[in-house]
Amino acid sequence: MRTSPNDNKTYHNFTTNNGIKVVLIHSEDVHKSACSLVVNTGSFDDPIDRPGFAHFIEHLLFNGNQKHPEPAKLNEFVAKHGGHCNAWTATEHSSFHFDVQHEVFDQALDYFANMFIEPLFTDDAIEKEQNAIHAEYKLKLKDDSRRIQQVHKETCNPAHPFHKFTVGNKHTLANLPERPVKDELIQFWQQYYQSQFMTLCVVSPLPIELLTNKVDELFSQIQTINLEHAKPELTENLYRPQDLAQFIAIKPVKELHKLNITFPLPSIDKYYKSKIVSFVAHLIGDEGEGSLFEHLKEQGLINALAAGNGISGSNFKDFNISLELTHAGEDDLETVLNEVFAYLHWIEKQSVPSYLYNEQKKLTEISFEYQEDIKPLTLANNIALNMHHYDVDNYVYGDYCMDGYTSKQWQELFSYFDANNMRLTLVSQNIHTNQKAHWYHTPYYVEALSVDQITQLNEQQAASGRYHFPVRNPYLTKPIKLESPDFNSMIPVSIDHDLGWQTWFKQDVSFRVPKGNIYLGLDLPIGVKSKRNQAMMRFFCDLFMDSVSEQHYQAEMAGLHYNLYAHNAGVTLYTSGLSNNQDSLMLTLLESMITIKFTNMRFKEVKRQLIKHWRNAESNKPISQLFALLNSKLMPTTATSNELAIELNDVNFEEFELFASQLFSQIYAEILLYGNWTTSQAIGINQSLKLKLTSCHKVDELPRAITSLAPAELLYFDKEIEHNDNAALLYIQGLTDVVNTKFDYMEKAVFILVSQILSPFSFNYLRAEKQLGYLAGSGYMPLCNTPGLAIYIQSHDYTSPPLNSNILNCLTYFIEEVEMMDNQEFEQHKQAVIHQYNELPSNLNQKSQQLWISIGNQDYGFIQKEMIANEISSITKPQLINWCRSKLNQDNLQGIQLGSKKAAV
């Protein structure tokens, strides 16, 4: 296998006697061992009258087998040992994966392998998972992505398996007359879960020889009927002739204005070494000067454009040109389409400058050469999936390979960009419909494009000089080099501390990649002075990003990324990526941020978009709305989406201009530089940043306020929603006035340990045992450095009062669970949390985020995680029991209980 020179892992591949392709990855640096099994079976394999069967099997395999009959044995085991497990079902593949502490990896591997050796498919498990899948189906009834996809399915070739309903519900997964579902499940499993359809990847520091023997011993037991048996290839086309040259209009739940121009292609697997499809998508999606995006945006027709995305499979690929329309663009689709086709015809006939492909190739080579680690679970899953698509040499390198393309490939690809081979999909609430899609009840209509429309599009030509290719990327001209280490501290050090200014720096000596991250956090008293100012500050961020996107598009294409986002005390300007030009980008962005002049046209359009986004939040799933409501109740500087929309709605251009001119008049700046810079370079960057903000009056850091709840105070709030489901959320608050003290570390430690034990318990009680709904669970929820717990449930069948009652009952039974827990299990939970807290970040970005969070928490010694881990190790079982009896008892709860109820619509 071709691997990165920056990759110190050892790879070993072999095939078991029963045909499973295996890759073992030995790494001394990973803090958990991980395993992923991918089977070449998915929803495309569902029987015609049994939609959702592959998804059903995925659920059921976790529910016991001949050797380990207890349901969810793997889930419970890895949860107690600091790990996670999950699975997903796609169209042609299903993936199962877990990670866990090394010491118990062989035992977890035994639990995992036996899921595929002899599953039980008990009647209890079948009934439970029928209900779970039905709850999952109902959860997504208002999800626009599912609703839009269902129309896509109904309007393609009925003989192609993409046409199928893939999720399943209690009706499609039930017994049929003289056809018990259990018998058909076993038949499906025997047919499609054969070993030769499987790939397996393991990542661990354990010796390769030991892993080889263990994997071979366990997974060789998986059934195979005939090693030579192969799955039949897909032969039906995704679209019939009558499915093309169609205009499809879909009415969404949320306010959306999107146009998809879809060109069906055959499978693109043959192009993976050239990446020509991705390269053409990159050219069409260019946002710089002379681009299609620039031309359409200048006319006020679109806000965003993306190319290349779309469904794909073993014999099909949708190449989409996706446009986010303005109102003017939606009213003038003809002009939008004419411009797109004019551009396609222009680019098809051009001789593309070779530097454009070479720049993309250089970036992939840099990414590969300086490849950073990812979590072992992600790595195992990626490799196991790649094994189904690439030859063995390219299991790792296949995603990076760019070997060049031929003129024949170029001509072949562009031959598909024809109006006869096109589907147009408009997603908007401003349409009349005459059909409803099955399953998700999506309103839509379809009509054929006329011969004249098709001819007109195919004859479009661009005006001379309208379009041109991007110039050479200036951000790729500097040499990439690793700076010599000159930094001795293990933690960031303060290189500038002054009134209203604090800069932290740490040179990267761990990952040794030519990258870095710069965080510039600004507390802005004017920005958070009122809800109206909060709305305008958040709007400023969006309008700024919109205004500078074209100017800095080349930076994005060179692997430099940036963002300006609002937080509860101001804004943060953030850059990441290659370090050699990043300081120039940050300084340019900062200069623009404090001097920028906006146009009235973009003010109106971006304001409309943001208000739409905030109002659409009122259509989010109920549990998301409750979490947003909780934040607004607890943090004074966090207005609700609806409040922000109301405030911004009547802000005019003149008022906003005045606000923008005053926004940075008072600042508190906190900066983190972490990456491939020397100390002298970091000092220079800091001085340059400070010089840019000389005119701003420096003030003290703003307090991160949180509403403190009185002891034994349980507040109740309800929210009326327009949704099919109800939800309930209970938040339990820790002490707010002991930050960064020994008592604070102990308080956080107990909350975190309780969360570790409560999470699987609440999931099992609320979802598996009580079957209240698909979305259920709990988690640690710190706000403004104050510890907290959240327990939640969303249900299609129950109103919020019984949901709230069940949450309280869950806590009552949980206290009993903790009281009955044996010492060994208690210690396992403790070690799992300590292991997670001692886990080192996998890459530079993760490390940067951890450091920035520490700075935000005023953890200037960067010791909070270590102190919490130490406190967790000292917690005794009697201490935990007493804490639970005190904090989680219904009579002593200190927190907020929220419920949602359906609005009358």
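Attention here is on the structure that accompanies the text. Values in this document were obtained by computation on a predicted structure and should not be read as measured data.

The number of helices and strands found in the protein chain is 29 helices and 26 strands. Here the C-alpha atoms of the protein chain give a radius of gyration of 28 Å, agreeing with the 29 Å that 2.2 N^0.38 yields for 905 residues. Oriented by its inertia axes, the alpha-carbon framework of the protein chain measures out at about 80 × 75 × 65 Å. Buried residues in the protein chain amount to 57% of all 905 residues. Pairs at least 24 residues apart make up 82% of the contacts formed inside the protein chain by residues separated by at least 6 positions. For the protein chain, the exposed area adds up to about 36900 Å²; of that, 49% sits on carbon and sulfur atoms.

Mapped onto the secondary structure, E369 falls in helix α12 (residues 354-369). For E369, a relative accessible area of 38% puts it in the partly exposed group. E369 sits 516 residues away from R885 along the chain, and the two C-alpha atoms are 54 Å apart.

Moving on, we come to the packing of helix α16 (residues 531-548) against helix α18 (residues 582-595). Put simply, α16 and α18 touch, their axes get as near as 11 Å, and they point 120° apart. Classed by the angle they form, the pair α16 and α18 counts as oblique. Remark: the crossing between α16 and α18 carries right-handed chirality. Where α16 abuts α18, its residues F540, F544 and V548 lie against L589, S592 and M593. Per-class residue counts for the contact of α16 with α18 are five nonpolar, one polar and no charged.

One non-glycine residue, R512, lies in positive phi territory at about 50°. Since its relative accessible area comes to 24%, R512 is described here as partly exposed. One non-glycine residue, C784, adopts positive backbone phi at about 50°. Tracing the backbone shows C784 in the loop between β24 (775-780) and β25 (788-795).

Our focus in this paragraph is the sheet that holds β25. Either a parallel or an antiparallel arrangement is found when strands of a sheet pair, and the pairing is made through backbone hydrogen bonds. An order of β22-β26-β23-β25-β24 is seen for the five strands of this open sheet, with the pairing classed as mixed. A strand with exactly one partner marks an edge of an open sheet, and here the two such strands are β22 (714-721) and β24. Averaged over all neighbouring strand pairs, the angle between strand axes comes to 10°, with direction disregarded. Of the pairings in the sheet, the one linking strand β23 (residues 726-733) to strand β26 (residues 895-902) comprises five bridges and is antiparallel in character. Considered in β26, the bridge of Y731 is made with I896. In the packing of helix α24 (residues 742-769) onto the sheet, contacts are made with β23, β24 and β25, and the angle to β24 comes to roughly 170°.

Nonpolar side chains tend to gather and get buried jointly when the protein is soluble and globular. In terms of nonpolar packing, the biggest core is built from 80 residues, with L522, F540, M593, F656 and F664 touching the most fellow members. Top element by residues in this core is α16. It accounts for nine residues. Contacts of F540, omitting those with residues within four sequence positions, involve L564, M593, I596, F598, F656, A660, L663 and F664. Counting residues in each nonpolar core, the second largest holds 58 residues, with F53, I57, V167 and Y193 among its members.

Taken in spatial order, the six strands make up an open sheet running β1-β2-β6-β3-β5-β4, and their pairing is mixed. Of all strands in the sheet, those with a lone pairing partner are β1 (10-15) and β4 (84-89), marking the two edges. Strand-to-strand twist in this sheet, taken as the mean axis angle between neighbours without regard to direction, amounts to 10°. Strand direction decides the pairing type here: strand β2 (residues 21-26) and strand β6 (residues 198-204), joined by six bridges, are parallel.

One pass over the full model with this rule turns up 37 salt bridges. Each of the salt bridges in this network shares a partner with another, and the network as a whole consists of D49, R50, R179 and E184.

Attention now goes to the pairing of strand β19 (residues 570-578). For β19, the buried fraction is high: nine of the nine residues fall into the buried class. Pairing between strand β17 (residues 515-523) and β19: nine bridges, direction antiparallel. Residue pairing across strands places D523 opposite G570, the latter belonging to β19. Across eight bridges, the pairing between strand β18 (residues 560-567) and β19 is antiparallel. If you follow H567 over to β19, its bridge partner there is G570. What sits between the antiparallel neighbours β18 and β19 is a turn of two residues.

Attention now goes to the environment of P485. Relative to the assigned elements, P485 resides in the loop between α15 (451-458) and β15 (493-498). Among the residues examined, P485 registers a relative accessible area of 54% and is labelled exposed. Expressed as a C-alpha distance, the spacing of P485 and T3, which sit 482 residues apart in the sequence, is 26 Å.

On to the side chain of H134. Here H134 shows up in helix α4 (residues 123-139). Classification of H134 by relative accessible area gives buried; the value is 11%. Looking at H134, its side chain comes within polar contact range of the main-chain nitrogen of K170, at 3.1 Å. If we skip the residues at most four places from it in the chain, H134 touches N169, K170 and H171.

Rules behind the numbers
- Residues numbered from 1 in each chain as written.
- Predicted model: local features only at pLDDT ≥ 70, side-chain atom pairs only at ≥ 80, totals over all residues.
- Heavy atoms only, no water.
- Helix = DSSP H or I, 4+ residues; strand = E, 2+ residues; numbered from the N terminus.
- Rg over C-alpha atoms; globule rule 2.2 N^0.38 Å.
- Buried < 20%, exposed > 50% of the residue type's maximum accessible area, 1.4 Å probe, protein only.
- Contact = heavy atoms within 4.5 Å.
- Areas by Shrake-Rupley, 256 points an atom, 1.4 Å probe, with all protein chains shown as cover.
- Axes fitted to C-alpha atoms, helices over the stretch in contact; angles between N-to-C directions.
- Parallel < 35°, antiparallel > 145°, perpendicular 65-115°, else oblique.
- Left-handed = near helix turned anticlockwise from the far one by under 90°.
- Nonpolar A, V, L, I, M, F, W, Y, C, P; charged D, E, K, R; others polar.
- Pairing = 2+ DSSP bridges.
- Core = buried A, V, L, I, M, F, W, Y, C linked by side-chain atoms within 4.5 Å.
- Salt bridge = Lys/Arg side-chain N within 4 Å of Asp/Glu carboxyl O.
- Polar contact = N/O pair within 3.5 Å; in protein donor to acceptor, adjacent residues only side chain to side chain.

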